[in-house]
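So you can see what is in the structure, the chains are spelled out below.
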Amino acid sequence: MTERELLDVLDTPIYFIDAKHVVVWMNRAAQNAVPGIVKGMPWTDVQPRLPRTHIFRFHEVQVGGEPGVMVEGTPSVDPALLSELERLRQANEDLETILDTLFDEVFVTDGEGVVLRVNTAAEQLYGLQNSDIVGRTVFDLEREQVFYPSVAAMVLQRRRRVTALQETKNGHRLVVTGSPVFDREGRIVRIVCYTRDLTSTRSWPSVAVQGVGQGVEIPRDSGLVAENPAMKSVMDLIRRVAPTDATILLLGETGVGKNRLARFIHDLSSRRANPFVEINCANVPESLFESELFGYESGAFTGARKEGKVGKVELAHGGTLFLNEVGELPLHVQGKILDLLQERTVSRVGGVHTRKVDIRIVAATNKDLRQLVKEGRFRDDLFFRLNVVPLTIPPLRERGEDICTLAETLVHRFCDKYQLPRKAIHPDVMACFQHYAWPGNVRELENVIERLCIIVEDDILLPEHLPEELWSSGGTERGEKDGYLGTKGTPDNGGPPPKTVFSSSLPGKAAFQSHSSPDILSQGWGIRQVLEEVERELYARALQQYGSTYAIAKHLRVSQPTVVRKLRQFGLSGGRALDSQ
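These figures come from a predicted structure and were not determined experimentally. (Residues numbered from 1 in each chain as written. Predicted model: local features only at pLDDT ≥ 70, side-chain atom pairs only at ≥ 80, totals over all residues. Heavy atoms only, no water.)

All right, on to the overall build of the protein then. Each helix and strand counted, the protein has 24 helices and 23 strands in total. Looking at the protein residue by residue over its 581 residues, the buried ones come to 44%. (Helix = DSSP H or I, 4+ residues; strand = E, 2+ residues; numbered from the N terminus. Buried < 20%, exposed > 50% of the residue type's maximum accessible area, 1.4 Å probe, protein only.)

Listed below in structure tokens is the structure:
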């Protein structure tokens, strides 16, 4: 088909005018638009007769090898409709910009699984251009192993929210959550998936604690993590004092890991090849404390072994003696511990001879020893002997930077211990972990992770799996947990599909009438500033109306930690003191 034949079948009126302003050619639509116009007529005779239902545009072209003009007519449109189309075009551009600024992938399909939209994060995850993904079905992409399994396909099958692990062709390991969007008749019209790349967050525990002095080698099974500044300072001091024989006093709440640090100090010292002996001062009956610690000679007391017994102090000869819970030492034993610290000698119960011992002493307590000294329950001279190098271990609630790495390290350890498939932790679970107070510190976190690894059959740990005290105190509302589905495909509730309605209406539009378009435009703000201001007002009004961060989270359909973070970001106070954080 020639160019003129192609133009002749168009519904758009087209005229060609030469340099002498004479019509040299027109298509059929042009002839129908203005009957009676023939080739060779001056343009000045044609122009007044052009229909007012069209808008005519002029384009410079070559006509017969000379400069000329092509006149193209398009139907005129109602100005209000044109304005609405321009507004929609701008809104679509804004949406594309916002999606492309997100670190995580957003993946949208229609009700048949055809990909409608992905943001630029998908290019890195799948190794494909957006144009290679949009327009294709998730079933084809799954069949080609671009990703597997397809969460969108699972949503179509289950008709509810699904969260699952996904592998990609280029080696990424993803946590994907897909949510269905229903129309008024209950049909799925959209599926929105958001993705978190596990391979780009944290690897399994590193061999060295980064940023700590010259680098401290940490065994992978030690459970020690130090990304928090306070914990880094503790580890740096350990690096410097561990090679010496200085007495170290470990202070901190119960469960912060004092015994692990004591073992770590021993492993960094020159005594690492010799015994590490621990005695828990809180677990030994007061009447047996001396014999347990110092040993006894034959016949020292009724019931004693005939051959006598070597005490913990002698067993630690050449190595490290760890006095755990030293604040529980009976007063009558504290004097002997003081002698041990000063003279490095020990006398067995019932014995007359002293024995020289070569030991390094590390003590630990969750008590305030200075207060015990004031109360007369702990000798001040012993306290000063122990307090040579005091190290205060921060509680887990103050080590937000360490919690995620600790959790992943523990999952790795317990999955290996019980020979279980490796599990991933959903970001919402991490959010719960970071906002929970952890009264039991690292020990409590260990117990929670061990329990989850054993009882959860899915290969991803979801908020629904958490003990109630975690999600109720620092995580998500129960309503947010509804709809999660593990990779085993068992829905967590049997209720109807969500009542989300696909509509062009904008919920809550009236709430933002105080920010009229002229006011916003007069500020010269960009789209991000406008969205931030709208979001700030939304949270301000929600705080005023609901008061509690949990109620706000429920009504805005976000996590409670997100509400707390947003209120702090926008400088909004209240929320029952942020629900005690």
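Turning next to the sheet that holds strand 6 (residues 115-118). The 6 strands are arranged 6-5-10-9-8-7 in an open sheet whose pairing can be described as antiparallel. Taken across any chain shown, the strands that pair with only one partner, and hence form the sheet edges, are strand 6 and strand 7 (147-148). In this sheet, strand 10 (residues 188-197) lies alongside strand 5 (residues 105-110) in antiparallel orientation, the contact comprising 6 bridges. Among the inter-strand pairings, T109 is bridged to a residue of strand 10, identified as I191. Along the sheet, helix 7 (residues 151-158) contacts strand 5, strand 8 (162-168), strand 9 (173-182) and strand 10; its crossing angle with strand 8, the most-contacted strand, is approximately 150°. (Pairing = 2+ DSSP bridges. Contact = heavy atoms within 4.5 Å. Axes fitted to C-alpha atoms, helices over the stretch in contact; angles between N-to-C directions.)

One finds L293, V313, L323 and I337 to be the most contacted residues of the largest nonpolar core, which totals 30 residues. When residues of this core are traced back to their parent elements, those giving at least two are strand 14 (276-280), helix 10 (289-294), strand 17 (320-324), helix 12 (331-343), strand 20 (360-365), helix 13 (369-374) and helix 14 (380-386). Broken down by element, this core gets its largest block of residues, 5 residues, from helix 12. The residues contacting V313, other than those within four sequence positions of it, are L293, F294, L321, L340, V346, V357 and I359. (Core = buried A, V, L, I, M, F, W, Y, C linked by side-chain atoms within 4.5 Å.)

Applying the stated rule across the entire model yields 11 aromatic pairs. Measuring from ring centre to ring centre gives 6.3 Å for W43 and F58, while their planes differ by 90°; the resulting arrangement is edge-to-face. Of this pair, W43 sits in helix 3 (residues 43-46) while F58 sits in strand 3 (residues 54-63); the two residues are 15 residues apart in sequence, bridging distant segments of the chain. Each ring, one from F276 and one from F322, has its centre 6.0 Å from the other, and the planes form 25°; the classification is stacked. Remark: F322 occurs in strand 17 and F276 occurs in strand 14; sequence separation between them is 46 residues. (Phe/Tyr/Trp six-rings, centres within 6.5 Å; stacked < 30°, edge-to-face > 60°.)

At their nearest, the axes of helix 22 (residues 549-556) and helix 23 (residues 560-569) sit 8 Å apart, and the two run at 110° to each other. The orientation of helix 22 with respect to helix 23, classified from their angle, is roughly perpendicular. Every residue of helix 23 that contacts helix 22 at T549, Y550, I552 and A553 is listed here: Q560, V563, V564 and L567. Taken together, the residues of the contact of helix 22 with helix 23 break down into 6 nonpolar, 2 polar and no charged. (Parallel < 35°, antiparallel > 145°, perpendicular 65-115°, else oblique. Nonpolar A, V, L, I, M, F, W, Y, C, P; charged D, E, K, R; others polar.)

Sheet architecture is open: 5 strands sit in the order 14-17-20-13-21, paired in parallel fashion. Of all strands in the sheet, those with a lone pairing partner are strand 14 and strand 21 (389-392), marking the two edges. In this sheet, adjacent strand axes meet at a mean angle of 20° when their direction is disregarded. For strand 17 and strand 20, the ladder comprises 4 bridges, and the chain directions are parallel. Bridging across to strand 20, L321 finds its partner in I361. Running at roughly 155° to strand 13 (residues 248-251), helix 9 (residues 258-268) makes contact with strand 13, strand 14, strand 17 and strand 20 of the sheet.

Bringing the packing of helix 15 (residues 400-417) against helix 16 (residues 427-435) into the picture now. Here helix 15 crosses helix 16 at 130°, and the two axes come no closer than 9 Å. In terms of axis orientation, helix 15 runs oblique to helix 16. In the crossing of helix 15 with helix 16, the sense of the turn from one axis to the other is right-handed. Across the interface between the two elements, G400, I403, C404, A407 and E408 of helix 15 pack against M430, F433 and Q434 of helix 16. Here the contact of helix 15 with helix 16 is built from residues that sort into 5 nonpolar, 2 polar and 1 charged. (Left-handed = near helix turned anticlockwise from the far one by under 90°.)

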